[in-house]
Amino acid sequence: MNRIKEEIDTNSLKQKFLIFVGVAFFAIHTLIYIINFRLNLPHGDDGLVWSVAYSYAKTGQFPFEEFFSSASSHLTYSLKLISLPNLLWNSFDMVNFYYLQWIIMSLTLFFFYLIIKRTDKKLFWVLIPISASIYCPIFIVGYYVFSTVMWLSVALCITIIVYLVTKKKITPIISITAISVATYATFFNLIGVIAWIPGIISFLRKDSYQNRSYKKWLIPWLISAGVLGTFILLTAPSISEQSKLHLFLSLDGLSFLVTYLATSYRFGSENIFLSKIVGSITLAICAYLTYYFLKINKENFQKAFPWILFLIISILAGMYIALGRMDLGYHDGNESFYKTISFFSQIGILVLISMILINVRKNTEDRKRRVKIILILIVIFSQMIFLIPSYYAGW
């Protein structure tokens, strides 16, 4: 008996080591990329940070009006708070921001690890393809350094919030922390507003197995979101002018959405049709997986819930982006920085079908077992293959 236990422990250690090596490969790959190809001057800033820092360095007086001003309806206070000290105390050296991007990626992966640990420890292997998606070097560009930090930070905040609001037991500390992180995300850019969605959906659910309701936590969450929404409308009034609902409710709107969902895999602008096909398949798989765990496999719904949230967040974020940008000629849903949010759908799909795979392998009496396993493996391997172009700017 002891010998069997030792063999199991040995195999477990080997698996953990292989997973660690796989994750470390992508983390180190991107870190080396940053060290070798970092730039010390941004080609583009959109007036988000640089001008504020320059005004202060030139005059010695902090430009509060410029700091609190909006940039195309984006209130970027959080970005400025983490960027200005580095610019001012580091002689406007930009290199640190590339290392900051890597740190944000690593923290995002860490919270995915925590959610997976709570879901099923047998799923730890998915950290390898997840790390391949998170440590994508396509984010590390010299053009929009600040915007990259901004989008990566929002993704990190959303991951933290999903981890917090899907805990079995919600406490006042967890609620306050989640609200604080959502507020912090909101003041990076408008897409940060999506960070409030996980709390609304999560607090509406009920754990029927433990007879636990979370609705009481919805009240402070909605109050905080309402106050913040009012503040944004008053501070950045042009936000009401950006909605393109009439365009979104058309085939062009659907086209934008499915293209956006495929930005997890950088196929390139010349392969936009392939992006639309992959995005459409992604949307269909998301719908099926949500239905599967809601209706067919209800006993595992609580475990699947965080990953269903990621599917919903990714899709709603795409719709939100489309409402504000789809009328712009240079925004067709294929921008590389959308990957920081769109990859939630691919990660959610990966984990959920892996959960199904574990259950299918256990059910030896299922006649369609082999077919199901083959279909699941096709999806998993397709995801891994499609990640390849993300590492050299597209096919």
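All values reported here derive from a predicted model rather than from experimental measurement.

Conventions we followed
Residues numbered from 1 in each chain as written. Predicted model: local features only at pLDDT ≥ 70, side-chain atom pairs only at ≥ 80, totals over all residues. Heavy atoms only, no water. Helix = DSSP H or I, 4+ residues; strand = E, 2+ residues; numbered from the N terminus. Buried < 20%, exposed > 50% of the residue type's maximum accessible area, 1.4 Å probe, protein only. Contact = heavy atoms within 4.5 Å. Areas by Shrake-Rupley, 256 points an atom, 1.4 Å probe, with all protein chains shown as cover. Phe/Tyr/Trp six-rings, centres within 6.5 Å; stacked < 30°, edge-to-face > 60°. Lys NZ or Arg CZ within 6 Å of the ring centre and 35° of its normal. pLDDT = per-residue confidence, 0-100. Axes fitted to C-alpha atoms, helices over the stretch in contact; angles between N-to-C directions. Parallel < 35°, antiparallel > 145°, perpendicular 65-115°, else oblique. Left-handed = near helix turned anticlockwise from the far one by under 90°. Nonpolar A, V, L, I, M, F, W, Y, C, P; charged D, E, K, R; others polar. Patch = residues over 30% accessible without salt bridge, like charges linked within 9 Å, V, L, I, M, F, W, Y side chains within 5 Å. Salt bridge = Lys/Arg side-chain N within 4 Å of Asp/Glu carboxyl O. 1 Å grid on protein atoms, 1.4 Å probe; cavity = no way out; pocket = protein on both sides within 12 Å on 5 of 7 lines; lining within 4 Å. Points joined across faces, edges and corners; volume = space filled by probe spheres on them. Core = buried A, V, L, I, M, F, W, Y, C linked by side-chain atoms within 4.5 Å. Lys, Arg positive; Asp, Glu negative; His and termini not counted. Charge placed at Lys NZ, Arg CZ, Asp CG, Glu CD.

(A) Molecular detail of the overall build of the chain. The helix and strand inventory of the chain stands at 16 helices and 2 strands. The 395 residues of the chain split such that 50% are buried. Summarising the internal contacts of the chain: among those between residues at least 6 apart in sequence, 78% fall at separations of at least 24. Here the chain displays about 19600 Å² of accessible surface, and carbon together with sulfur accounts for 65% of that area.

(B) Quick look at the packing of aromatic side chains. Within the structure shown, the criterion is met by 24 aromatic pairs. Taken together, a centroid distance of 5.5 Å and an interplanar angle of 40 degrees make the contact between Trp307 and Phe310 tilted. With Trp307 and Phe310 both in helix α14 (residues 301-325) and 3 residues apart, this pair spans about one turn of that helix. A relative accessible area of 0% places Trp307 in the buried class. Above the ring of Tyr214, the side-chain terminus of Arg205 is found at 4.1 Å from the ring centroid.

(C) Spatial organisation of the confidence of the model for the chain. Predicted confidence across the chain gives a mean pLDDT of 82, with 83% of residues reaching 70 or more. Taking the mean pLDDT of every element in the chain, the minimum, 62, falls on helix α11 (residues 245-248) and the maximum, 93, on helix α8 (residues 172-186).

(D) View of the packing of helix α7 (residues 145-165) against helix α9 (residues 197-204). The geometry of α7 relative to α9 is characterised by a closest axis approach of 9 Å and an angle of 15 degrees between their N-to-C directions. Compared by their axis directions, α7 and α9 come out roughly parallel. In this structure, the crossing between α7 and α9 has a hand that is right-handed. Of α9, the residues touching α7 (which contributes Ile161, Val162 and Val165) are Pro198, Gly199, Ser202 and Phe203. Residue composition of the contact of α7 with α9, by class: 5 nonpolar, 2 polar and no charged.

(E) Here's a closer look at a nonpolar patch on the surface. On the surface, a nonpolar cluster with roughly 440 Å² of combined accessible area is contributed by Leu377, Phe381, Met384, Ile385 and Ile388. Structurally, Leu377 is set in helix α16 (residues 369-386).

(F) Representation of empty space enclosed by the protein in the model. Here the structure, examined in full by the defined rule, presents 2 cavities of 30 Å³ or more. Lining of the largest cavity is provided by Pro129, Ile130, Ser133, Ser264, Tyr265, Gln346, Ile347, Leu350, Ile380, Gln383, Met384 and Leu387. Mapped onto the lining of the largest cavity, the elements with two or more residues apiece are α6 (127-134), α15 (339-362) and α16. Split into classes, the residues belonging to the lining of the largest cavity amount to 8 nonpolar, 4 polar and no charged.

(G) Region of the structure containing the environment of Ile376. Tracing the sequence through the fold places Ile376 in helix α16. Judged by relative accessible area, which is 10%, Ile376 ranks as buried. Put simply, Ile376 and Ser354 are 22 residues apart on the chain and 7.8 Å apart in space, counted from C-alpha to C-alpha. Other than its neighbours up to four places away in sequence, Ile376 contacts Ile353, Ile356 and Leu357.

(H) Main features of the nonpolar core. Ranked by size, the top nonpolar core spans 116 residues in total, and within it Ile130 and Ile341 carry the most contacts. Of the residues forming this core, the biggest block, 17 residues, is contributed by α7. Ile130 has contacts with Leu109, Phe112, Ile116, Ile347, Leu350 and Val351, leaving out every residue within four places of it along the chain.

(I) A look at a positive patch on the surface. Taken together, Lys122, Lys168, Lys303 and Lys362 make up a surface patch of like positive charges. Assignment of secondary structure puts Lys122 in the loop between α5 (95-119) and α6.

(J) Representation of the packing of α7 against α8. As a packed pair, α7 and α8 sit with axes 9 Å apart at the nearest point and diverge in direction by 160 degrees. Considering their axes alone, α7 and α8 lie roughly antiparallel with respect to each other. Crossing geometry of α7 relative to α8 is assigned as left-handed. Contact residues: α7 offers Val154, Cys157, Ile160, Ile161, Leu164 and Val165, while α8 offers Ile174, Thr177, Ala178, Val181, Ala182, Tyr184 and Ala185. Counted by class, the contact of α7 with α8 contains 12 nonpolar, 1 polar and no charged residues.

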